[in-house]
Amino acid sequence: MNINDLKDILLKENHSLVIYKNNASVITSNDRGVNSLIKFIEEDKSQLSGSLIADKVIGKAAALLMIYAGVKEIYAPIISKPALQTLLKHNVKIYYDKEVERIINRKGDGLCPMETLCLDIEKPEEAYLLLSTK
C-alpha cells in the first residue's frame, strides 16, 4: 500500500480521510473537518505514527495534528499555503493537487474557523490541546 493507493481510495470512494496505519490496515472516515484526526489521536496516538494519510482538504489545523501524530506521508487534493509550509518545515512528505491561500468555511463566506484558530500556532502539541477542547 502506498500513497497513490490511498489517493485512489479517497477519490473513488469519496471519503474525507483515508489512513494506512501500522503497515497493516486501512481506515476511512467521512467526518468533516479535523474531528476524525482528533478522535484517532485520542484513541491511540501511536497508531498514526509512521502512517500514510489521504485527506480531502488540509488546512493548518489538520497539518499540525498530523505532525503531532507522527504521520509520515500525506496526499491532499487541496492544501492551504500555511498547512503546506508547516508540513515542509517539519519534513513531512506531502503530495497535493492544488494549493490555496486559506481554507474557506463550509458556508463559503469566510475562513475556516479551525484554520483561523491555528494560523499563529507553530507547536503541534499546542494545536492538539487547543483543538481537542473545541
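Residues numbered from 1 in each chain as written. Predicted model: local features only at pLDDT ≥ 70, side-chain atom pairs only at ≥ 80, totals over all residues. Heavy atoms only, no water.

## Quick notes on the pairing of strand 6 (residues 93-100)
Two strands pair when backbone bridges link them, and strand 5 (residues 73-80) and strand 6 are joined in this way by seven bridges, in the parallel orientation. In the sheet register, Ser80 faces strand 6, and the bridge partner there is Val100. In this fold, strand 5 hands off to helix 4 (residues 81-89), which returns the chain to strand 6; that crossover is right-handed. (Pairing = 2+ DSSP bridges. Helix = DSSP H or I, 4+ residues; strand = E, 2+ residues; numbered from the N terminus. Right-handed = clockwise from strand over helix to strand, strands pointing away.)

## Considering the environment of Val71
Relative to the helices and strands, Val71 resides in the loop between helix 3 (60-69) and strand 5. Spatially, the C-alpha atoms of Val71 and Ile53 are 7.3 Å apart, while their sequence positions differ by 18 residues. Filtering out sequence-adjacent residues up to four positions away, Val71 remains in contact with Leu48, Ser51, Ile53, Met66 and Val92. (Contact = heavy atoms within 4.5 Å.)

## Looking at the packing of helix 3 against helix 4
The relative placement of two packed helices comes down to the angle between their axes together with the axis-to-axis distance. The contact between helix 3 and helix 4 brings their axes to 8 Å, and the two run at 20 degrees. One finds that helix 3 runs roughly parallel with respect to helix 4. Helix-helix and strand crossings are classified by hand; for helix 3 and helix 4 the assignment is right-handed. From helix 3, Lys60, Ala63, Leu64 and Ile67 reach across to helix 4, where they touch Pro82, Ala83, Thr86 and Leu87. A breakdown of the residues in the contact of helix 3 with helix 4 according to their chemical character gives six nonpolar, one polar and one charged. (Axes fitted to C-alpha atoms, helices over the stretch in contact; angles between N-to-C directions. Parallel < 35°, antiparallel > 145°, perpendicular 65-115°, else oblique. Left-handed = near helix turned anticlockwise from the far one by under 90°. Nonpolar A, V, L, I, M, F, W, Y, C, P; charged D, E, K, R; others polar.)

## Description of helix 2 (residues 35-44)
Burial in helix 2 covers these residues: Ser36, Leu37, Ile38, Phe40 and Ile41. Of the surrounding elements, those touching the buried residues of helix 2 are strand 1 (17-21), strand 2 (25-29), strand 3 (52-55), helix 3 and helix 6 (124-131). (Buried < 20%, exposed > 50% of the residue type's maximum accessible area, 1.4 Å probe, protein only.)

## Regarding unusual backbone geometry
In this model, Asn14 sits at a positive phi of 55 degrees, which is unusual for a non-glycine residue. Assignment of secondary structure puts Asn14 in the loop between helix 1 (3-12) and strand 1. Among the residues examined, Asn14 registers a relative accessible area of 52% and is labelled exposed.

## Description of the side chain of His15
Along the chain, His15 turns up in the loop between helix 1 and strand 1. Residue classification places His15 among the buried positions, given a relative accessible area of 10%. A polar atom in the side chain of His15 sits 3.0 Å from the side chain of Glu13. The residues contacting His15, other than those within four sequence positions of it, are Ile9, Leu10, Thr28, Ser29, Asn30 and Lys56. (Polar contact = N/O pair within 3.5 Å; in protein donor to acceptor, adjacent residues only side chain to side chain.)

## With respect to the packing of aromatic side chains
Here the distance between the centres and the angle between the planes together describe a pair of aromatic rings. Tallied over the full model, the rule gives one aromatic pair. Taking 4.8 Å as the distance between ring centres and 10 degrees as the angle between the ring planes, the aromatic pair formed by Tyr68 and Tyr128 counts as stacked. Of this pair, Tyr68 sits in helix 3 while Tyr128 sits in helix 6; the two residues are 60 residues apart in sequence, bridging distant segments of the chain. Owing to a relative accessible area of 21%, Tyr68 belongs among the partly exposed residues under this scheme. (Phe/Tyr/Trp six-rings, centres within 6.5 Å; stacked < 30°, edge-to-face > 60°.)

## Considering the side chain of Glu115
Along the chain, Glu115 turns up in helix 5 (residues 113-118). Despite its burial, Glu115 pairs with no opposite charge, the nearest such side chain being Arg102 at 4.8 Å. Apart from residues lying up to four places away in sequence, Glu115 is in contact with Gly59, Lys60, Ser80, Pro82, Glu101, Arg102 and Ile103. (Lys, Arg positive; Asp, Glu negative; His and termini not counted. Salt bridge = Lys/Arg side-chain N within 4 Å of Asp/Glu carboxyl O.)

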